[in-house]
Amino acid sequence: MQELFSVPMSDVKKELRRGVIECSKRGLLHSTKWLAEMHHGLSDVHIDNAPPDDDRSFSECQLEGIAPAEYSAYFLAKSYYDVREYDRAAHAVRNCESDVPRFLHLYSTYMAKEKRRLDSTTDQANLNEPNQMRDLTDLLATLRSEYGRSRLDGYGIYLYGVVLKALNLNQAAEQMLLNAISLVPMLWSAYLELSPLIMEKKKLLSLQLGKHWMRHFFMAHTYLELYLNDDGLKIFEDLQAAGFSKSIYITSQMALVYHNKRDVDKAIELFQALLENDPYRLDNVDTYSNLLFVKEMKTEMAQLAHKAVSINKYRPETCCVIGNYYSIRCDHQVAISYFQRALKLNPKYLAAWTLMGHEFMELKNTNAAIQSYRKAVEVNKRDYRAWYGLGQAYEIIKMHYYSLYYFKIAHQLRPYDSRMLVALGETYEKLEKCENAVKCYWKACDVGDIEGIAMYKLASLHEKLGDHETAVHCYLLYCEDERAATDKQSLYQGFMTLANYYEKKGDYERAACYAYKCLDSDDRKNEAKALLKTIDWRRKTSSEEEMEWEQLDARARGPFTSRDDGGQTTTTTTTTAATATATTSSSSSTGSTSSRQPRTVAEGVRRAQSGQRSSTAPAANSTTTATATTTRFTLEAPATSSTSAAASAAAVAAALDETTTSAAEVTPTSSEQQANNDGSSMEISSVSID
């Protein structure tokens, strides 16, 4: 923007005023209006000219390019032109030779033919049919002849480019419009006609637009047309900083940028500020109504519709606002009638064609919707909404290859819009091209999922393919996303899937957590209740088993004391030795705790009997490794150690009987400990009970 900053704002304002005069006397109304708005935005800039000089230059500009002998014919033709009597205006200056009257004659001829073409255009006619353009061939021949004789100035070359573009001779039209811009850089209409011919950023940067400061406005406008919103917004911000901070045009374009970026709140804020500064402005008010529709602001929509009708009810923008008002009230048929009225006023009104297609889709009239979207594409091939609508329409009638084609075009126009990628993924999934569908869904997540459904689609697809681990991972990401709350059914589906997954894995806490969330869903409530009952039953079963094993383990590990018939106290300790190596002496071997599940003492003894009945005690020098269960019985005896085997067997039998009938554990007495210390203990590796 260095070139723009180097231009004094006083010179910019002078050029704008001169451009207003030149375009006005040639009948270029849209350029005049734009230049006048830009001129008014520089009201703080004062031009250092004395009033007499300024007035003299102004009067000279008004009549420059008009021969004195042709004043009367020009003034008459201009008055006819202003009231849209184009044929009379062209006839009045048919014999004039000076530049301004000659251009007015050619331009009035073009406007008359264009008016007849639009008046004869019906809703069912193609806007670009050859017979509709046949009338322009005579004018094209005239312009070609005048251009060959070098009798066309910059404005005439601009008209030549417009006619070439209307006949779809785009390459020649682009060259003519560039020539017109180089000769008349203040002609805003030439920039507007050139912009639709630029299909990509690379081509835009390669154009030879000269060094005039007007090219920055053209660059920003074209960036918006190409949906390169960040680039356009940067230029507009720089222009505001350069001195155009009060420009209504720049404010409106920045609102459109935020609209394209789906920053609805910021766009509404800018439109409201714009209407406060210019309360009777109807330009771009249709876009403002679209934003109110998205936010479902019915009261503001009604106020805007009444205000637009009070200003001018025959403007296409007004009809579009009223159509959106009835659409938000779900009165789609009335909305369609107002969109059709807008198209009667302007058959090339893009927004009306697209919105009417949406309304036909709401009414399930797929054929009419397809026709409307096709007309929108004819008006502007870069309208991604029309291509996207065509894809949706063909998807409804199960023509998935057609919808894939249209969704691809919409994606090319909006490569970073996740909605296009999700639509492509869904179409690939229906065509059973799951690999392509997965790529589309992942890319939609990477670029920023606008609707918040790409991750859910990805999870469902992985679940369908049997990749449950990846599906669960995707469901977790989807359910953690706050935007997922907008689609309740998908959210509950994710919760239910996660609950079932964790229930199978045995993670009952997380399973119950997700199942409880599904109780708010009418469709999933019964399924969630059944799963919660299953989880509760599994929890109880697991808890009972755990308590039983803990009790058995405590019994197996704890010592107990019993008394035999002779009044002697018997202390019994049961230990389980796991993988004991019999390389040590039997007198020094000790029991260890087993890793196997505990059993009752009686069962342990019986198992020991059956396993050891035919074996002898391990030798001290044995090298055999075995898993043995050793039951140690410490018998309290008199000081002498010559206790008979029969008494020992009777003591063991009494201890076993008491163990099976009582679970009480008795703490060893001091006499038992003394007997152990005295060495009067006996280790029995095999007990036979009759």
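Up top is the structure these notes are about.
Rules used in this analysis
Residues numbered from 1 in each chain as written. Predicted model: local features only at pLDDT ≥ 70, side-chain atom pairs only at ≥ 80, totals over all residues. Heavy atoms only, no water. Helix = DSSP H or I, 4+ residues; strand = E, 2+ residues; numbered from the N terminus. Buried < 20%, exposed > 50% of the residue type's maximum accessible area, 1.4 Å probe, protein only. Contact = heavy atoms within 4.5 Å. Phe/Tyr/Trp six-rings, centres within 6.5 Å; stacked < 30°, edge-to-face > 60°. Lys NZ or Arg CZ within 6 Å of the ring centre and 35° of its normal. Core = buried A, V, L, I, M, F, W, Y, C linked by side-chain atoms within 4.5 Å. Polar contact = N/O pair within 3.5 Å; in protein donor to acceptor, adjacent residues only side chain to side chain.

S.K.: Got a minute to help me understand the environment of Lys443 in this structure?
M.R.: With respect to the helices and strands, Lys443 occurs in helix H27 (residues 434-447). For Lys443, a relative accessible area of 37% translates into the label partly exposed. For the pair Lys443 and Ala454, spaced eleven residues apart in sequence, the C-alpha to C-alpha distance is 9.0 Å. Not counting the four nearest positions on each side in its chain, Lys443 is found in contact with His411 and Leu421.

S.K.: Just to check I follow, could you spell out the packing of aromatic side chains for this structure?
M.R.: Aromatic ring pairs: the centre-centre distance and the angle between the two ring planes describe each pair. With the rule as written, the count across this model stands at 29 aromatic pairs. A centroid spacing of 5.3 Å and a plane angle of 90 degrees characterise the contact between Phe217 and Phe244, whose relative ring orientation is edge-to-face. Residue Phe217 is found in helix H14 (residues 214-225), and its partner Phe244 is found in helix H15 (residues 229-244); the two are separated by 27 residues along the sequence. One exposure class covers both Phe217 and Phe244, and it is buried. Ring pairs connect the aromatic residues Trp34, Trp188, Tyr191, Trp213, Phe217, Phe218, Phe236, Phe244 and Tyr249, which therefore count as one cluster. Taking the ring centre of Tyr80 as reference, the NZ or CZ of Arg88 above it sits at 3.9 Å.

S.K.: Please clarify how the nonpolar core should be interpreted in this entry.
M.R.: The nonpolar side chains of soluble globular proteins are, as a tendency, buried together. Judged by nonpolar contacts, the single largest core of 103 residues is most densely connected at Tyr110, Val163, Leu194, Phe217 and Phe244. With nine residues, helix H10 (residues 154-166) is the largest single contributor of residues to this core. The contacts of Phe217, once residues within four sequence positions are left out, are Trp34, Met38, Trp188, Leu239, Phe244, Tyr249 and Ile250. In this structure, Ile336, Leu343, Val377 and Tyr508 belong to the second largest nonpolar core, which totals 78 residues.

S.K.: Would you take a moment to explain the side chain of Ser418 for this structure?
M.R.: Looking at the secondary structure, you find Ser418 in helix H26 (residues 418-430). By relative accessible area, which is 1% here, Ser418 ends up buried. A distance of 3.4 Å separates the side chain of Ser418 from the backbone oxygen of Gly448, its partner in a polar contact. Beyond its immediate sequence surroundings of up to four residues, Ser418 is in contact with Ala444, Val447, Gly448, Asp449, Ile450 and Glu451.

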